[in-house]
Structures are given as structure tokens and as C-alpha cells.
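Coordinate analysis (summary)
Each chain, letter by letter, is given below.
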Amino acid sequence: MLLPELVVVLLAIYLGARLGGIGIGFAGGLGVLVLTLGFQIKPGAIPFDVIEIIMGVIAAIAAMQIAGGMDYLVNLAERLLRKHPRYITFLAPLVTYGMTLLAGTGHTAFSTLPVIAEVAKEQGVRPSRPLSIAVVASQIAITASPISAAVVFLAALLEPKGVSYLGLLAVAIPSTMAAIFIAALVTNFLGKELKDDPVYQARLAKGEVSLRGASQFEEKPGAKLSVLLFLVGIVAVVFYATAISDAVGLIQNPVLPRNEAIVVFMLTVATLICLTCKVDTGEILSASTFKSGMSACVCVMGVAWLGDTFVKAHIGEIQTVAGDLLDSYPWMLAIVLFFASTLLYSQAATTKALMPAALLLGVSPVTAVASFAAVSALFVLPTYPTLLAAVEMDDTGSTRIGRFVFNHSFLIPGTLAIMLSVAFGFLIGHLVL
């Protein structure tokens, strides 16, 4: 019955992709319904551990956004990009990578994409170059963020196998950063120069291209304080997660486990921001980061639950087929994660659905850590929100989706960045772990 059930899983994911956005979570629930009642499969585990982390982090980020902290960070990013406009293709991914690293969500890129597009146009740089690698960087940075749900979940899986939380970050951060830099270098030569692009010339002739110049920024009274409180919260999370790890052991038999600690710290940060920055908590519910974060929770719940249900029902067959293959070719795990994430549309959902099974198959911790960046292939299907936003914000037409769907501006930079991240991950992993 494996094949018909796999068809159900793929059809549910396809339906979710057609619905778009939160719809993939809805369709995941439909898939679980068909598998459980139609094929009498025992339902897998609902990924509440991942969902609670996303909710806690998003609560703090949304509070910071209403306090003006996000606008303040975007203003800093704009000043950096405008100060060194010639290096926009290298600085843009650095900005989106850094914001995602700190925030634990790639949706922070939404606020910087308009700035990247404008600065590129002003310098005559093809906007598709910095925009494409910036979007990719915001996705891959999830696998290096100390507060992302994907990282925290994988750290919990690997710690019993001798890989600490800090060890995971020590491999993920340098490997992804180096990969993004090299990918940006290659991306800087992709496509025609802006002045030679016929699509741009046609739009320019029709008056469809405009230059808006630098944006006006009005700093809210609590903007800087909200950012400071959020950064303190991140430091507290990293310190506590390190202190309770078996490798460090500063806190023996901790009353507060890692997952719950992250939620507690983030909710505490949100409380302090609301109190000290005089935030109207009613406005938080309408914040863009809050909406996208809650949507992500539903998506993770549906697709990760669907994946866990299918994998647990057939773990024996999967071990028989894939065990020897992964043992001989460990890099195949990265390929599996790459294609799975294109369908599951979430780093956390892909990690939750496949990493436990991979470790059960006997995959080494180094292989799991090195391959981790491959869960970020959300750019392959050109329907991810930040990708679509980049296309819409580039009125030059250089950032576009081709006639054959897959020939879009993000495929080469993204695939290259993930390949390099995995390669560097194996190299650094064998040195560090």
C-alpha cells in the first residue's frame, strides 16, 4: 500500500501548492484525513514543539515591529546599502541573512526588498542580481539562526548523538555565510547588464520604471529599545541553551527544557517591549510579521503532520530501500531534503518530517548537520511569498519568472548557494564535530 499512500501525500502537497500560502497547511490536514480514515494508518505526531517556538519568536518580533524596531533596522540597512551602492549584490544578501539570523524568520526580508530594488536601479545595476541572492540568503539563514524552529528541533535530535547546540551553529553559520558570499559573486555576473535588457528598455520607454529615492524615516520613541530588548532575548536563549547542554553542563537537570525556554524568553521579551515601549497589544494582531508567522504555524502543522504520518507508517520499507544508499552516498540526504523542501515549503516542516527518519536510517550526525542547509530550497517553485515580492518590486522586469516556470531569476543563485553550503558543511563538520 506504500505507493497509493505516497500518491495521496503528493496530491495533498500539490493541492496545497495550488492553493498557496496557508493553503498548504490546510491540504496537509486533508492528506492526514485520507491516510488515517481511508488507509487506516495511525496518525503521526502533530509538531507542537516546532509550532510553539515559531509562535513565541513571532510574538516578540511582532511586538518589536509595532514599537518601530523593524523600521529602525530597515533604516540601518538602507543607510548601509546607499553608502556602498556599488557593492549592492554583496551587501543585500548580507543584510537579509543577518536579519533572518537574528529574527529566526525569513519574512523579515519583505521590508528590505524595496530598498534593494531602488538602490540597484539608481546605480544601473540589474536588480535581479541583488534581489535573487538576497531572497535566497533570507531562506538559507533559517538553518543558521539560533532561534529558528528548524535549528532548535535539529539540535534536540542531535544532542543525544554528541552534537551540541553550539556545535550545530558552529558548522551552520560559517558554512552558509561562505556559501552565500561565493554565490553572490557568481550572481553578480548573471543576466544581461540592465542597460542591455530589452524588457527593461521596453518598460522604460513606456514610463513604467520609476525612481523613488531614499525613504523618509520617522523613528518611534521605543524603536531602539525594542531592538535592544529583542537582542538581549536572543543572547539569553543562546546562553541558556548552551548552559543546559550535556557538552557544557553549567546547569544540571534543568527545570526548564530548551524549547520551553525559548518560548518563555521570547514571550518575556514581548512583554517587556509592550511595557517599556508603550505598545498597543491590539495592533500586534494586525502586524505583517504576526500574520505571516501564524500562517507558517498552520503550514507546519499540516505538512509536517502529513509527512510524519506517512514516514512512521513505512519506516521499515524506507530503511530497507534507503539505508544502504545513504550509507554509501551520505550526500544523497541533501538531495532528498532539497526536493522535499520544494514541496513542503518550510524549513521547519521539512526538518521535522525527514530528519528523524534520516537519523533512524543510520545517517551520521555530521551528514545531518552538513545536509541541513538543503531544507531551504523554497525558491525552486516560484510561488514563495518573498520570491513573488521581489518579482513585484522590481519594475525594471529583470527579476522575472520565465515561460517554463522553473527558468526564473532565483534558481541558479539558490541551487548554487545550497550546494556550497552542503559542501562547506561537510568540510567544517568533520573539523568541528
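Owing to the predicted nature of the structure, the values given are computational and were not obtained by experimental measurement. (Residues numbered from 1 in each chain as written. Predicted model: local features only at pLDDT ≥ 70, side-chain atom pairs only at ≥ 80, totals over all residues. Heavy atoms only, no water.)

**Digging into helix α7 (residues 128-140)**
In plain terms, the rule: Numbering goes from the N terminus for both helices and strands, where a helix is a DSSP run of H or I of at least four residues and a strand is a run of E of at least two. Expected helix span is taken as 1.5 Å per residue step, with the number of steps being one fewer than the number of residues. Burial status follows relative accessibility: with a 1.4 Å probe on protein chains alone, a residue under 20% of its type maximum counts as buried, one over 50% as exposed, and anything between as partly exposed.
The first and last C-alpha atoms of α7 sit 18 Å apart over 13 residues, in line with the 18 Å expected at 1.5 Å per residue. Most of α7 is tucked away, with 13 of its 13 residues classed as buried.

**Here's the deal with the packing of aromatic side chains**
The criterion, for reference: Pairing of aromatic rings covers Phe, Tyr and the six-membered ring of Trp, with a centre-to-centre limit of 6.5 Å; geometry is then stacked below 30 degrees between planes, edge-to-face above 60, and tilted otherwise.
A full pass over the atoms with the stated rule returns 5 aromatic pairs. An angle of 75° between the planes, with centres 6.2 Å apart, marks the rings of Phe338 and Phe379 as edge-to-face. Of the two residues, Phe338 sits in helix α16 (residues 332-344) while Phe379 sits in the loop between α18 (365-371) and α19 (385-393), which places them 41 residues apart along the sequence. Of the two residues examined, Phe338 and Phe379, each falls in the buried class. Taken together, the ring pairs in this structure connect Phe338, Phe339 and Phe379 into an aromatic cluster.

**Focus: empty space enclosed by the protein**
What counts is decided by this rule: The definitions used throughout rest on a 1 Å grid laid over the protein atoms alone, on which a cavity is an enclosed set of points accommodating a 1.4 Å probe that cannot get out and a pocket is an open set flanked by protein within 12 Å on both sides along at least five of seven lines; lining residues are those having an atom within 4 Å of a point. Grid points are joined across faces, edges and corners, and a volume is the space filled by probe spheres set on the points. Residues were grouped as follows: Ala, Val, Leu, Ile, Met, Phe, Trp, Tyr, Cys and Pro as nonpolar; Asp, Glu, Lys and Arg as charged; and all remaining residues, including Gly, as polar.
Throughout the structure, instances matching the rule amount to 2 cavities of 30 Å³ or more. Forming the walls of the largest cavity are Thr143, Val171, Ala172, Ser175, Thr176, Val369, Ala370, Phe372, Ala373, Ser421 and Gly425. The leading source of residues in the lining of the largest cavity is helix α9 (residues 165-187), at 4 residues. In terms of residue class, the lining of the largest cavity is built from 6 nonpolar, 5 polar and no charged. Size it by volume and the second largest cavity reaches roughly 30 Å³. The residue makeup of the lining of the second largest cavity, split by class, is 3 nonpolar, 4 polar and no charged.

**Considering the side chain of Thr143**
As a reminder of what qualifies: Each polar contact in these results corresponds to two N or O atoms within 3.5 Å; when the atoms are within protein, one needs to be able to donate a hydrogen and the other to accept it, and residues that are neighboring in sequence are counted only if both atoms are side-chain atoms.
Relative to the helices and strands, Thr143 is located in the loop between α7 and α8 (149-158). At 2.7 Å, the side chain of Thr143 forms a polar contact with the backbone oxygen of Ile140.

**Some remarks on unusual backbone geometry**
Positioned with a positive phi, Asn253 is a non-glycine residue whose angle comes to about 50°. Tracing the backbone through its elements, the reader meets Asn253 in the loop between α11 (223-243) and α12 (258-276). Residues other than glycine seldom take positive phi values, yet Lys278 does so here, at roughly 55°. When you line up the elements, Lys278 lands in the loop between α12 and α13 (281-284).

**Looking at the pattern of salt bridges**
If the charged atoms of two oppositely charged side chains come close together, the side chains can form a pair. Selection criterion: A carboxyl oxygen of Asp or Glu within 4 Å of a side-chain nitrogen of Lys or Arg is what we treat as a salt bridge.
If you walk through the whole model with that rule in mind, you get 11 salt bridges. Between Lys352 and Asp49 there is a salt bridge; the shortest N-O distance is 3.2 Å. Of the two residues, Lys352 is situated in helix α17 (residues 347-360) and Asp49 in helix α3 (residues 48-66); the sequence distance between them amounts to 303 residues. Given the relative accessible area of 11%, Lys352 is considered buried. In this structure, Glu122 engages Arg82 in a salt bridge whose closest nitrogen and oxygen atoms are separated by 2.6 Å. In this pair, Glu122 sits in helix α6 (residues 113-122) while Arg82 sits in helix α4 (residues 69-83), placing the two residues 40 residues apart along the sequence.

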